[in-house]
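Breakdown of the fold
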Amino acid sequence: MEEGGGFRLSAECLDEPPNSRVFLVLGKDTGEALIRERFAPFGEIQDIWLVRDKRTHESRGIAFVKFARSSQACRAMEEMHGRSLAPDTKPIKVFIAQSRASGSHRDVEDEELTRIFVMIPKSYTEEDLRNKFKVYGDIEYCSIIKKKTTGESKGLGYVRYLKPSQAALAIEECDRSYRAILAEPKNKPSESSEREYYSSSSSMRQEPMGHEPRGSVFPFEGQPEFGSFEKSQTRVRESVSKRLSVVSRLPFVQEQLFFLFDLVPGLEYCDVQRDPHTNHGHAVIQYTTAASAIYAKYKLHGFEYPPGNRLGVTFLEDGSDGLDHIRKMATQLVTSQVSSLVSHNNLVGQQYTSSQPYSGSSSSQLSQPQTDAVLPSRKKKVPPETSVKERLFIVFYPHPLPVNVLEDVFCRFGHLIEVYLVTGKNVGYAKFSDRTSASDAITALHGKIVNGVRLKVMLADSPAEESNKRQRTY
């Protein structure tokens, strides 16, 4: 192959500024004049390169366009990808070209171009950071890096935009004191050794975009501890957090996505974000605990919703320490398992010494359930032949509670007929003869923890619907 048209720029200038070249896949009969005409509206074009066959000199259907600014190249990619340059021609493909110095032939992905790393005053909150950088475009999320021990800000933060052109514009136009650069993707494998990475530069001007800085490279007045900021804290791979990013080829419906992720206990909020320029779906999900977020990611990443459309679920940085999340989660898991096991063993042992008729209340000898819910005093169950007015569906995490524990908890709201578990599944049911009692149980127990097990309590099918359905077998 050879370079048609001749370069007017030296090789050193091709990647200055970084990510300012676009890679085009187009028709072999497309000429430089048409490319220039269609791409000139996005900014100053410094060069156009048509790749040709070395022997025949025919176009290979590949071209590069070099812009003066990164934001211009990114906007060209966003606007022209999938469009036709002329009537009755196939749509073209447009990507940001990989740096020639990187030695990689992989095209740069959008995710690598939307997250920037900034240095900020320690007094900044996430809201301050968002307000300062929202002038450059729509922000997906922002986070502040904090010390593990004290929770104090390190004077460092991330801002992720919805579009690459917005991130590039922020880097180009924000105050130089922020020293904004593109942050390296968490899951991207390093293309050089750690030693080469940390010794490659001693000034901000020479630090390549797409790599996060080391403290000694970027001294910042008034932040002496920044020099000791370690790689392990700035380049965490798949860091655990309570916040998730969900992407899809199809747009999301707020209510439907909320109900899907609310299947995992602990959902705090579901924020669907809409991009007027594409039909893709994107949302930010946050749970009360990292354990819930981990479970949601494990269960829903790759899940087809609707059928044929796979969801992509990844962790988002929330400014907290991922290792601390894991330590707390392990401690809570061990505590809950031991608490549940001890309670279960006690209750099973007491069953041999005291049998309970349906009309009696739970034994006064039973220990009080360990729960964060406010429970009223125990009440008598009603006879099993009593008409069912309301049926509740119960989801357990991480495992079901014993039936006698469930009975002890749900009978306290009155008019309980029975509770039972579905064999082999982490679900169960509670039948009530009074709708108010069932509603009180939902209000008091939904999202609460009983003996280390989190409950999700909701209305099941009504008795009328249940009688008309074929009995389900598991």
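The numbering scheme is per chain: residues are counted from 1 as the chain's sequence reads. Per-residue local features are limited, in this predicted model, to residues with pLDDT of at least 70; the limit for side-chain atom pairs, both in listing and counting, is 80 or more; totals at the level of whole chains, interfaces and linings are taken over all residues. Hydrogens and water are ignored here; the side-chain numbers use all heavy atoms of the structure.

Under the annotation held in an unreviewed UniProt entry, the protein carries the name RRM domain-containing protein and is attributed to Mauremys mutica.

**Focus: the overall build of the protein**
Only DSSP runs of H or I reaching four residues or more are called helices, and only runs of E reaching two or more are called strands; each is numbered from the N terminus. Within the protein one finds 12 helices and 18 strands. Here, residues are in contact when the closest pair of their heavy atoms is within 4.5 Å. Pairs at least 24 residues apart make up 68% of the contacts formed inside the protein by residues separated by at least 6 positions. Carbon and sulfur atoms form 52% of the exposed surface of the protein, whose accessible area is close to 24,600 Å². Methods summary: accessible areas were calculated by the Shrake-Rupley approach with a probe of 1.4 Å, and residue burial reflects only the protein chains presented.

**Topic: the confidence of the model for the protein**
Confidence scores per residue from the predictor, reported as pLDDT, run from 0 to 100. Mean pLDDT over the protein stands at 75; residues scoring 70 or higher make up 67%. Taken together, the stretch residues 1–7 has pLDDT below 50 and engages in 21 contacts with residues farther than four places along the chain or on a different chain. Considering only residues more than four positions removed or in separate chains, one finds that residues 188–237, a stretch of pLDDT under 50, has 88 contacts.

**Quick look at the packing of aromatic side chains**
Stacked, tilted and edge-to-face are the three classes assigned to paired rings of Phe, Tyr and Trp, where Trp is represented by its six-membered ring and a pair needs centres within 6.5 Å; plane angles under 30 degrees give stacked, over 60 edge-to-face, the rest tilted. Summed over all chains, the structure comprises 11 aromatic pairs. Note on Trp49 and Phe64: the rings are 4.7 Å apart at their centroids and 20 degrees apart in plane angle, and the pair reads as stacked. Remark: Phe64 occurs in strand E4 (residues 59–67) and Trp49 occurs in strand E3 (residues 45–52); sequence separation between them is 15 residues. For the pair Trp49 and Phe64, a shared accessibility class is recorded, and that class is buried. Here a set of aromatic residues connected by ring pairs shows up, and it is made of Phe23, Trp49, Phe64 and Phe95. Buried means the residue's accessible area, taken with a 1.4 Å probe over protein chains only, is under 20% of the maximum for its type, while exposed means over 50%, and partly exposed covers the values in between.

**Focus on the pattern of salt bridges**
Salt bridge, as used here: a side-chain nitrogen of Lys or Arg that lies within 4 Å of a carboxyl oxygen of Asp or Glu. One pass over the full model with this rule turns up 12 salt bridges. Arg69 is the partner of Glu172 in a salt bridge, and the nearest nitrogen-oxygen pair spans 2.7 Å. Separated by 103 residues along the polypeptide, Glu172 in helix H4 (residues 164–173) and Arg69 in the loop between E4 and helix H2 (70–80) bring together distant segments of the chain. What makes Arg69 partly exposed here is its relative accessible area of 31%. Through salt bridges with shared partners, a single network forms among Arg69, Glu172 and Glu173.

**Description of the pairing of strand E14 (residues 390–397)**
With six of eight residues buried, E14 is to be regarded as a mostly interior element. In this sheet, strand E16 (residues 427–432) lies alongside E14 in antiparallel orientation, the contact comprising six bridges. Bridge pairing links Leu392 to Ala430 in E16. Paired strands are those between which DSSP finds at least two bridges. As defined by bridge partners, E14 adjoins strand E18 (residues 453–459) across six bridges and the pair is classed as antiparallel. Bridge pairing in E18 links Tyr397 to Arg454.

**A look at helix H10 (residues 403–410)**
Along H10, six of the eight residues are buried, which leaves the element largely enclosed by surrounding structure. Burial in H10 covers these residues: Asn404, Val405, Leu406, Asp408, Val409 and Phe410.

**Comments concerning the sheet that holds strand E10 (residues 243–248)**
Strands sit in the order E11-E12-E10-E13 across an open sheet of four strands; the sheet is antiparallel. Across the chains shown, the open sheet's two edge strands, defined by having one partner strand only, are strand E11 (267–273) and strand E13 (312–316). Sheet twist, expressed as the mean angle between neighbouring strand axes with direction ignored, is 20 degrees. As defined by bridge partners, E11 adjoins strand E12 (residues 281–287) across six bridges and the pair is classed as antiparallel. Residue Leu267 lies in a different strand from E12, and its bridge partner there is Tyr287. Axes here refer to lines fitted to C-alpha atoms; in helices the fit is confined to the stretch in contact. Angles between the N-to-C directions go from 0 to 180 degrees.

**Regarding the nonpolar core**
Counting 42 residues, the largest nonpolar core has Leu24, Ile35, Phe39, Phe67, Ile116, Phe133 and Tyr161 as its most contacted members. When residues in this core are grouped by element, the largest group, five residues, is from H2. With residues up to four places along the chain from it excluded, the contact list for Phe133 reads Ile116, Val118, Ile139, Val159, Tyr161, Ala170, Cys174 and Tyr178. The definition of a nonpolar core used throughout is a set of buried Ala, Val, Leu, Ile, Met, Phe, Trp, Tyr and Cys residues joined through side-chain atoms within 4.5 Å. Val409, Cys411, Phe413 and Ala430 belong to the second largest nonpolar core, which has 24 residues in total.

**Considering unusual backbone geometry**
Put simply, Tyr397 and Pro398 share a cis peptide bond, and its omega is 10 degrees. Secondary-structure assignment places Pro398 in the loop between E14 and H10. The phi dihedral of Arg179 is positive, around 50 degrees, even though this residue is not glycine. Residue position: Arg179 is located in the loop between H4 and strand E9 (181–182). One non-glycine residue with positive phi stands out, namely Asn451, at about 50 degrees. Summarising the element assignment, Asn451 is placed in the loop between strand E17 (449–450) and E18. In this structure Asn451 comes out as buried when scored by relative accessible area, which is 3%.

**Description of the side chain of Asp53**
Of note, Asp53 is situated in the loop between E3 and E4. By relative accessible area, which is 16% here, Asp53 ends up buried. Polar side-chain contacts of Asp53 include one of 3.0 Å to the backbone nitrogen of Thr56. Two N or O atoms count as a polar contact when they lie within 3.5 Å, although within protein this holds only if one can serve as hydrogen donor and the other as acceptor, and sequence-adjacent residues are included solely when both atoms are side-chain atoms.

**Section: the side chain of Ser70**
If you trace the backbone, Ser70 turns up in helix H2. Note on Ser70: relative accessible area 6%, which makes it buried. In this structure Ser70 touches Pro17, Pro18, Asn19, Ser20, Ala168 and Glu172, once residues within four positions along its chain are discounted.

**What about the pairing of E13?**
A large share of E13 lies buried, amounting to four of its five residues. Strand direction decides the pairing type here: E10 and E13, joined by five bridges, are antiparallel. What sits directly across from Val247, in E13, is Gly312.

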